[in-house]
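A structural walkthrough
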Amino acid sequence: MAQENLKILSAEEEAALLAPINEYVGEIQAKIDALRLDGTDRVLELERKIESYRRDKLLAKEKKNHLIEEVERELKAARETEAAHKPEVSKLISQAITYIKAHYDKDYYRPMKESCANERRLAKQRYQETLTDLKQQHAASLQAAKDASEVKDEKYVYKNRCFDAKVQYEKELERIKNRLFLAFGHKFHLIDLLRMSRFTFAESQAQKWGNYRFTFNRRLFLLQNGLYIAILLVFIILSIITPIVKNTQLLTYTNILNILQQASPRMFLALGVSGVILLTGTDLSIGRMIGMGMTASTIIMHKGINTGAVFGKIFDFTHLPIGLRAVLALVVCIILCTFFAIIAGFFTARFKMHPFISTMANMLIIFGLLTYATKGVSFGAIESDIPNAIIPKIKLMPNTFAFPTIILWALAAIIIVWFIWNKTTFGKNLYAVGGNPEAAAVSGISVFAVTLGAFILAGILYGFGAWLECLRMFGSGSAAYGQGWEMDAIAACVVGGVSFTGGIGKISGVVTGVIIFTGLTYALTILGIDTNLQFVFSGIIIMVAVTLDCLKYVQKK
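All of the points below concern the structure found in this document. If you're wondering where the values come from, they're calculated on a predicted model, not measured in any experiment. (Residues numbered from 1 in each chain as written. Predicted model: local features only at pLDDT ≥ 70, side-chain atom pairs only at ≥ 80, totals over all residues. Heavy atoms only, no water.)

A few words on the overall build of the chain. Broken down by element type, the chain carries 18 helices and two strands. Relative to the compact-globule value of 24 Å for 557 residues, the chain shows a C-alpha radius of gyration of 33 Å, a clear excess of over 25%. Its C-alpha atoms give the chain principal-axis dimensions of roughly 95 × 95 × 60 Å. Counting only residues that meet the buried cut, the chain has 41% of its 557 residues in that class. (Helix = DSSP H or I, 4+ residues; strand = E, 2+ residues; numbered from the N terminus. Rg over C-alpha atoms; globule rule 2.2 N^0.38 Å. Buried < 20%, exposed > 50% of the residue type's maximum accessible area, 1.4 Å probe, protein only.)

Encoded structure:
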């Protein structure tokens, strides 16, 4: 396309297109502002004044109440004025919105969109012409070169010139995109003033989608979501292969519930270790804590007298009510796991010991003590009435697969930990210490308390997770149970975006990571893939996840 055929609006022409819209809406806006002056604006002003009086701790109670009463009388009158003007204001707003819908896109945005498209074409044309000129100059310079050194220098210069041309072209494209983005956003700016930041659902969604389109970055998108896209493709492939190889469907209602059921106890572990990872740490003792919690729970909730002994002593809790035994098992699990988590947390916080070392020591201590105490035996089954009462499977409809209520326990844990991370001072401090412990300490945050708190929270969640796993498996606790679970929990956090660089991570990411790993293991098991090869898949996913995390960190730096 020839350059002279491309219609590009100048700044003056753009302003001329926008002027009638601004003038018409501006006149209506002025009328609305005048009506709001003694009504809505006055109401907001008086409400702020009342709030400031309520927060003022220097005023005496009687004086404060007197001032608030005076303002409330004024507020009542302002609200009456607001109510009286409301029909006229609504009518003016409707008139302006109707005009904007009829004229903004047609008279201004579409011509701007066409102009920017032409600008992009022209910019691309100039870029290609620049590359052609550089190539011709490069060829001529190579012919004139006298030796290999001059050839090498010319190639280096040519490469730099091409790079500069590309940078200039990308800057031009960015300028054009920003120009169109401003034109797109001005419409919502007008509506914002008219409605005082109140948008309809359709307007909010249109604004969000437009903002996403204009700020979309392909490289950043792939860095943040590339792993999820790859895993989704793997699941799609497995869903296609499984019916062919095993003559069974993968994504069925039953299988999805089974995946969520298996993921529920692991969710507690991942939520626990995610807080430690947020502080640039890790926890290698999770699997052994699960074995310890499973063993303790099985002993307390065992069906009949225990056949195995602990340090040579056989425990019998059959004389206790079943409900009390379940609660006692939970309390013991939490106490044991929290105790060892506090040990690791103390050495990490007090002596700046890396969590890798403190939790590895914990892992060895727990496994050694538990194996020595129990001689490595499994303690068998628990009372079946306990799991049936605490995590029953409920049929929501006749002739359907029973819904495992253990999922609700995991959902409750997700909500609670999300609240702690996002709505409490401890959660905010957790992010601050993870992002920059030195700056956090200078701002008055106790790094020791936050670090120890993260380990305590992790210990409580490990205890809950071990107890739920015992209920899910109807016992069978042993020192060997839970081996390798720490890798699954850590990997789920990493895949979910909890960064080892510290201070970066979301609960939604942790949940996604747990479901991904549990679902992948379940799918590979149905397909008949050897357990050892499943480790290979997990290792590849972890490697890719950490690589993407490192790339994001390097880009941020």
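With 16 residues, helix α8 (residues 286-301) extends 22 Å from end C-alpha to end C-alpha; this agrees with the ideal 22 Å at 1.5 Å per step. Of all the 16 residues making up α8, 16 are buried; the element is thus mostly covered by neighbouring parts of the structure. (Expected span 1.5 Å × (residues − 1).)

So, about the packing of helix α2 (residues 40-55) against helix α3 (residues 61-144). As a packed pair, α2 and α3 sit with axes 9 Å apart at the nearest point and diverge in direction by 165°. Considered as vectors, α2 and α3 are oriented roughly antiparallel to each other. Of the two elements, α2 crosses α3, and the hand of that crossing is left-handed. Residue-level inspection shows Thr40, Arg42, Val43, Leu46, Glu47, Lys49, Ile50, Tyr53 and Arg54 of α2 in contact with α3, the latter providing Lys64, Leu67, Ile68, Val71, Glu72, Glu74, Leu75, Ala78, Arg79 and Glu82. (Axes fitted to C-alpha atoms, helices over the stretch in contact; angles between N-to-C directions. Parallel < 35°, antiparallel > 145°, perpendicular 65-115°, else oblique. Left-handed = near helix turned anticlockwise from the far one by under 90°. Contact = heavy atoms within 4.5 Å.)

With that out of the way, let us pick up the packing of α8 against helix α16 (residues 485-495). At their nearest, the axes of α8 and α16 sit 6 Å apart, and the two run at 125° to each other. Classified by the interaxial angle, the pair formed by α8 and α16 is oblique. Between α8, through Ile286, Gly287 and Ile290, and α16, the contact on the second element is made entirely by Trp485, Glu486 and Ala489. Residue classes in the contact of α8 with α16 are distributed as four nonpolar, one polar and one charged. (Nonpolar A, V, L, I, M, F, W, Y, C, P; charged D, E, K, R; others polar.)

We now examine the environment of Asn255. Assignment of secondary structure puts Asn255 in helix α7 (residues 253-278). Discounting residues that sit within four places of it in the chain, Asn255 has contacts with Gln249, Leu250, Tyr522 and Ile526. Within the structure, the side chain of Asn255 is placed 3.1 Å from the backbone oxygen of Gln249, a separation counted as a polar contact. A distance of 2.8 Å separates a polar side-chain atom of Asn255 from the backbone oxygen of Leu250. (Polar contact = N/O pair within 3.5 Å; in protein donor to acceptor, adjacent residues only side chain to side chain.)

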